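Descriptive structure summary
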Amino acid sequence: MNIIVCAKQVVDVSEMKIDSATKKPILQGVPQKISDIDKNAMEEAIKIKEKHGGKITVLTVGPANAKERIKELLAMGADEGLLVTAPENIDYHMTATLLAEAIKKIGGYNIILCGEASIDMFSGQIGPRLAANLKIPQITYAQSVTAEKDKITADRNMGEQMIITESTYPVLVTVTKEINVPRLPSLMQILASANKPINEITADSLTKNLNPLVQTIDLKGVSMERKNVVYKDDIDESVKQLVNNLAKEGVLRG
Amino acid sequence: MVILLDFTLTNEKKLFQKTVREFCEKEIKPIASKIDKEEYFPTDLYKKMGKMGLMGMTVPQKYGGAGIDRISYMIALEEISRVCGSTGITVEAHNSLGLGHIYEKGTEKQRKKYLPTLTSGRAIAAWALTEPNAGSDASATQTTAVLDGNEWVINGTKQFITSGDIADVTTVMAMTDKSKGAKGISAFIVEKDTPGFKVGQLEDKLGLRGSHTAELVFDNCRIPKENLLGELGMGFVGAMNILDRGRTAIGAMSVGIARGAFEDALEYAKQRQQFGKPIGKNQAIQWMLADMATEIDAARLLVYRAAYLEDQNVRFTKEASMAKLFASEIAMRTTVKAIQIYGGNGYMREYPLERYYRDIKLCTIGEGTSEVQRMIIARQLGL
Ligand SMILES: Cc1cc2nc3c(=O)[nH]c(=O)nc-3n(C[C@H](O)[C@H](O)[C@H](O)COP(=O)(O)OP(=O)(O)OC[C@H]3O[C@@H](n4cnc5c(N)ncnc54)[C@H](O)[C@@H]3O)c2cc1C
């Protein structure tokens, strides 16, 4: 079973601060990491490989320093990495096109695994766009998967309901974070990952004249203001008031 | 380009650090309070740590170890001790002393026999030098080993032995030729359940309460002749080499505990409001935190320097003692200040601050007291 895991390097949003004057996120010095849900995709790939054998390739479109993040996934259990170096701030269309072109180059795959969305932008577009570009079936929001020799079955988490979906290979599956708990590599695996190959190609070498369809005009942090309402009178009375006010603001619904 | 000094960790070491930190946050931190309060020894945790490579860190992979360098080992010990001192000392004594002695001084046969189970975390190693009458002056060893046919017969008592009661394998220093003094001390491997080997008193301690500390009693304990570890009469010298390595590690453990206390105090100083503002807005609190941060960084650099020299296979006795002395002493100060910043809450067992404070004290005593470290440093200075 040959598996391609698409993984994105993102800023560690938990370490990001917002400039209080301009409301712009301060990105300088914020550590980078693999988008959390992509690690779930990686874990699932390892599980499938443990069952069926095969090879796992990690594919990243990102800046040159994303190589270090790919190493993390090699330590977890991927066999090799491919980094498509591209300018930062490319849009979903460009990323999905580059991923598709790179995957055509890799070839010979059965499953492509992606996170349902990346934790920085959370658009959830890349998986479906990629499947469309490659003209292969897709299963999104998989909360559990069972890979068999000639088909894959997945429980799709649709919020209110669960949809069980089946597909033959090749297939693209996007996973939710509930699907598993990503393993930590051992110190031995980290050492060994130094000998696993990471190939690097430029976006230009895959396709020319790729232009964004979406333009990011500005990026601003969301600030939450507290109302600072204190209820300090009679406790029964206060509870009643609190419930009333929450209902009025639509936080509580009858 | 020649680089004289480089203070950045390599990407590989950063990944080690991040991985061990995540492991500690997930597997150790949630049970650290239980380990302390209930003197709980989490056997499963050590198996998990074995799988991670944490139970044979610097031992080559052919014996089941992780085969990482000494600096990476220090990074891991700092992370473990940051969340739990008891686990820190258990891992340190196992890696640096028990396992370390067998790997450094053992024959190929002894290495193959003992290291794989120890590095897997399924078995723990202990190391017994200290006796009731031989503490700082370890050469005053009274435990004896006499060769009788194909067996050594050991008699005597060891005290304060970390993991002594739970260890599967213990390295024991014993006098084989009293007339030669320290040169008459040899090291031996004693397996658990050997007839004549008993666990005596279990110590009730100030801190590191999740780490077991035991008295070991040898009463005509017979072990095979081939369990001599290293050369006859070289046990004391060997033990001193092992302690040099251990000292750097106690330095790393101290930095870890200090960092745990510092990080909590820093966070608290930002959150806790008095007089209408965070207490961290007061210069008195700021200076405490600034000193703590500075001292922790300085201590870590001393630890890394000693570990770097170990990796280069050059003499590091002085640097290891400096690292241990400085790191353990500043960590004492740090944990006291951290409690001060927490105020009354710092005194309460609900928070980990008082645990750091109790745990760190051992680091100025074990593997040579601060006075002994100064003695070693002075000797290295030619005094
Ligand atoms: C929790 C714990 C775990 C331990 N684990 C182990 C272990 O796994 N294996 C092991 O072998 N040992 C272990 N030890 C023992 C430890 O190494 C000794 O306690 C330590 O070396 C000090 O020896 P002592 O307790 O006999 O103190 P002493 O040597 O009696 O010292 C008492 C005081 O006198 C001072 N002093 C002694 N000599 C001098 C001098 N020449 N100049 C100035 N001052 C001096 C000391 O610094 C100290 O302040 C452990 C101890 C503890 C507390």
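Shown above is the structure to which this text applies.
Residues numbered from 1 in each chain as written. Chains lettered and ligands numbered in written order. Predicted model: local features only at pLDDT ≥ 70, side-chain atom pairs only at ≥ 80, totals over all residues. Heavy atoms only, no water.

**Quick word on the overall build of chain B**
Helix and strand content of chain B: twelve helices and ten strands. With the C-alpha coordinates aligned to their principal axes, the bounding extent of chain B is approximately 80 × 55 × 45 Å. Contacts spanning at least 24 positions in sequence make up 74% of the contacts within chain B whose residues lie at least 6 apart. Carbon and sulfur atoms make up 54% of the accessible area of chain B, which amounts to about 16900 Å² in all. Averaging the locations of the 50 positively and 46 negatively charged side chains of chain B gives two centres separated by 2 Å. (Helix = DSSP H or I, 4+ residues; strand = E, 2+ residues; numbered from the N terminus. Contact = heavy atoms within 4.5 Å. Areas by Shrake-Rupley, 256 points an atom, 1.4 Å probe, with all protein chains shown as cover. Lys, Arg positive; Asp, Glu negative; His and termini not counted. Charge placed at Lys NZ, Arg CZ, Asp CG, Glu CD.)

**As for the pattern of salt bridges**
Scanning the entire structure with this criterion turns up 49 salt bridges over all chains. In this structure, the salt-bridge partner of A:Asp12 is A:Lys33, at a minimum N-O distance of 3.8 Å. Placement of A:Asp12 in the loop between strand E2 (9–11) and strand E3 (17–18) and of A:Lys33 in strand E5 (residues 32–34) is noted, with a sequence separation of 21 residues between them. For the pair shown, A:Asp12 and A:Lys33 are each scored as buried. A salt bridge links B:Asp36 to B:Arg349; the shortest N-O distance between them is 3.4 Å. On the criterion of sequence distance, the pair formed by B:Asp36 in helix H2 (residues 32–37) and B:Arg349 in the loop between helix H10 (344–347) and helix H11 (353–360) is long-range, its members being 313 residues apart. Taking the relative accessible area as the measure of exposure, B:Arg349 reaches 43% and is therefore partly exposed. Among the ionic contacts, a cluster of salt bridges with common partners joins B:Arg21, B:Glu25, B:Lys29, B:Glu78, B:Glu79, B:Arg82, B:Arg259, B:Glu263, B:Asp297 and B:Arg300. (Salt bridge = Lys/Arg side-chain N within 4 Å of Asp/Glu carboxyl O. Buried < 20%, exposed > 50% of the residue type's maximum accessible area, 1.4 Å probe, protein only.)

**Concerning the packing of aromatic side chains**
Residues and elements named next belong to chain B. Applying the stated criterion across every chain, the model contains six aromatic pairs over all chains. Measuring from centroid to centroid gives 5.6 Å for Tyr-342 and Tyr-351, while their planes differ by 65°, and the two rings are edge-to-face. Taken together, Tyr-268, Tyr-342 and Tyr-351 form an aromatic cluster joined through their ring pairs. Lying across the ring of Tyr-40, Lys-34 places its NZ or CZ 4.6 Å from the centre. (Phe/Tyr/Trp six-rings, centres within 6.5 Å; stacked < 30°, edge-to-face > 60°. Lys NZ or Arg CZ within 6 Å of the ring centre and 35° of its normal.)

**Some thoughts on the environment of A:Ile164**
Within the secondary structure, A:Ile164 is located in strand E11 (residues 162–167). A:Ile164 sits 22 residues away from A:Ala142 along the chain, and the two C-alpha atoms are 9.1 Å apart.

**Notes on the interface of chain B and chain A**
Chain B puts 21 residues into the contact, and the matching count from chain A is twelve residues. In terms of surface lost to chain A, no three residues of chain B exceed B:Leu15, B:Phe16 and B:Met52, which account for 32% of the buried area on that side. Between B:Lys18 and A:Glu72 there is a salt bridge, with the nearest N and O atoms lying 2.5 Å from each other. For the side of chain B that touches chain A, the secondary-structure elements that each account for two or more residues are helix H1 (11–28) and helix H3 (43–52) of chain B. The leading source of residues in the side of chain B that touches chain A is H1(B), at ten residues. Residue classes in the side of chain B that touches chain A are distributed as nine nonpolar, seven polar and five charged. (Buried area = accessible area lost by both parts, 1.4 Å probe. Nonpolar A, V, L, I, M, F, W, Y, C, P; charged D, E, K, R; others polar.)

**Side note on the environment of B:Ile257**
Its location among the elements puts B:Ile257 in helix H7 (residues 235–271). Taking the C-alpha atoms as reference points, B:Ile257 and B:Gly88, separated by 169 residues in sequence, lie 9.0 Å from one another.

**What to know about the sheet that holds strand E1 (residues 2–6) of chain A**
All names here are of chain A. Across the sheet, nine strands lie side by side as E11-E10-E9-E12-E8-E1-E6-E7-E13; this open sheet has mixed pairing. Strands with a single pairing partner mark the edges of an open sheet, and in this sheet they are E11 and strand E13 (198–202). Taken over all neighbouring pairs, the strand axes of this sheet differ in orientation by 35° on average, direction set aside. Pairing of strand E9 (residues 138–147) with strand E12 (residues 171–175) involves three bridges; the strand directions are parallel. The residue bridging Ala-142 from the neighbouring strand is Val-175, located in E12. Along the sheet, helix H1 (residues 36–52) makes contact with E1, strand E6 (55–62), strand E8 (111–115), E9 and E12, crossing E8 at roughly 150°. Packing against the sheet, helix H2 (residues 67–76) makes contact with E6, strand E7 (80–85) and E13, and its axis sits at approximately 160° to E7. (Pairing = 2+ DSSP bridges. Axes fitted to C-alpha atoms, helices over the stretch in contact; angles between N-to-C directions.)

**Side note on the site of the ligand**
All names here are of chain B. In the region of the ligand, 19 residues are neighbours, and Thr-130, Ser-136, Phe-160, Thr-369 and Glu-371 sit closest. Trp-127 is positioned with one of its backbone polar atoms (N or O) 2.9 Å from a nitrogen atom of the ligand. Interatomic distance of 2.9 Å between a backbone N/O atom of Leu-129 and an oxygen atom of the ligand. Protein chains bury 63% of the 970 Å² of accessible surface belonging to the ligand in isolation. Looking at the shell around the ligand, the elements that each hand over two or more residues are strand E1 (125–128), strand E3 (151–162) and helix H12 (370–380). A total of three residues in the shell around the ligand trace back to one element, the largest contributor, which is E3. Partitioned by chemical class, the residues of the shell around the ligand number eight nonpolar, eight polar and three charged. (Near = heavy atom within 4 Å. Polar contact = N/O pair within 3.5 Å; in protein donor to acceptor, adjacent residues only side chain to side chain.)

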